[in-house]
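Topology and contacts: notes
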Amino acid sequence: MDIQENIVNKVAQSGLVTFDPASLYPAGERVLYDVKDNLFMGLMLREKDFREFIKQHDWQQYQDKFVAITCSADAIVPTWAYMLLANKLSGIAKKVVFGDLDTLETVLFEEAINKIDIEKFRDQRMVIKGCGDIAVPESAYVSLAFRLTSVVKSILYGEPCSTVPVYKRKELV
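Residues numbered from 1 in each chain as written. Predicted model: local features only at pLDDT ≥ 70, side-chain atom pairs only at ≥ 80, totals over all residues. Heavy atoms only, no water.

1. A look at the overall build of the chain
Scanning the chain for helices and strands turns up five helices and seven strands. In the chain, the order of α-helices and β-strands from amino to carboxyl end is α-β-β-α-β-α-β-α-β-α-β-β. In terms of C-alpha radius of gyration, the chain reaches 23 Å, well past the compact-globule figure of 16 Å for 173 residues. Looking at the chain as a whole, 35% of its 173 residues are labelled buried. Contacts in the chain between residues far apart in sequence, at least 24 positions, make up 78% of those at least 6 positions apart. When the accessible surface of the chain is totalled, it reaches about 11400 Å², and 53% of it is carbon and sulfur. Positive and negative side-chain charges in the chain, numbering 21 and 24 respectively, have mean positions lying 5 Å apart. (Helix = DSSP H or I, 4+ residues; strand = E, 2+ residues; numbered from the N terminus. Rg over C-alpha atoms; globule rule 2.2 N^0.38 Å. Buried < 20%, exposed > 50% of the residue type's maximum accessible area, 1.4 Å probe, protein only. Contact = heavy atoms within 4.5 Å. Areas by Shrake-Rupley, 256 points an atom, 1.4 Å probe, with all protein chains shown as cover. Lys, Arg positive; Asp, Glu negative; His and termini not counted. Charge placed at Lys NZ, Arg CZ, Asp CG, Glu CD.)

Here's what the structure looks like:
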């Protein structure tokens, strides 16, 4: 019995546009600066000591890095202290945010998503890739769905061979 089959790549013929949010990941080292190391007796920040630390600290170690500033201790930290840190890192670090490393990733992805020219996806059927080597925060998927819904025909989540429908424009007849 002679069986001859033509293998058809239905994914390639589907007209789906795949977008990988991991492609938005900005390269660079992420650093967490924890103010708890500057606290007096682990309880509060003393202005005189902190200002001396600000003068003496080697800020160049943060050159071209993404920095998240936080305080993991349950302590009294005035807002001006975070502002002083941001001021010292200005012109040195690539980006400074208040929060933990997850917050930093959220902000970095949000900025990258806001720079996307969504018009290039007008009337496209989109697959937003859902897994990969780079962790993409859920907030990035939310932002992508929010921005793309206004221009695309449909949004699917996952891989082209196995997707979950998220949005489909209802065509007016």
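Read on, since the account is not over.
2. Considerations on unusual backbone geometry
Located in the positive-phi region is Met 41, a residue other than glycine, with phi close to 55°. A relative accessible area of 64% places Met 41 in the exposed class. The backbone of Asp 64 shows a phi angle near 60°, a positive value even though the residue is not glycine. Counting through the fold element by element, Asp 64 comes out in the loop between α2 (47–56) and β3 (66–70).

3. Overview of a nonpolar patch on the surface
On the surface, Met 41, Leu 43, Met 44 and Ile 76 cluster together into a nonpolar patch covering about 450 Å² of accessible area. Relative to the helices and strands, Leu 43 is located in the loop between β2 (30–34) and α2. The exposure class of Leu 43 is exposed, given its relative accessible area of 53%. (Patch = residues over 30% accessible without salt bridge, like charges linked within 9 Å, V, L, I, M, F, W, Y side chains within 5 Å. Salt bridge = Lys/Arg side-chain N within 4 Å of Asp/Glu carboxyl O.)

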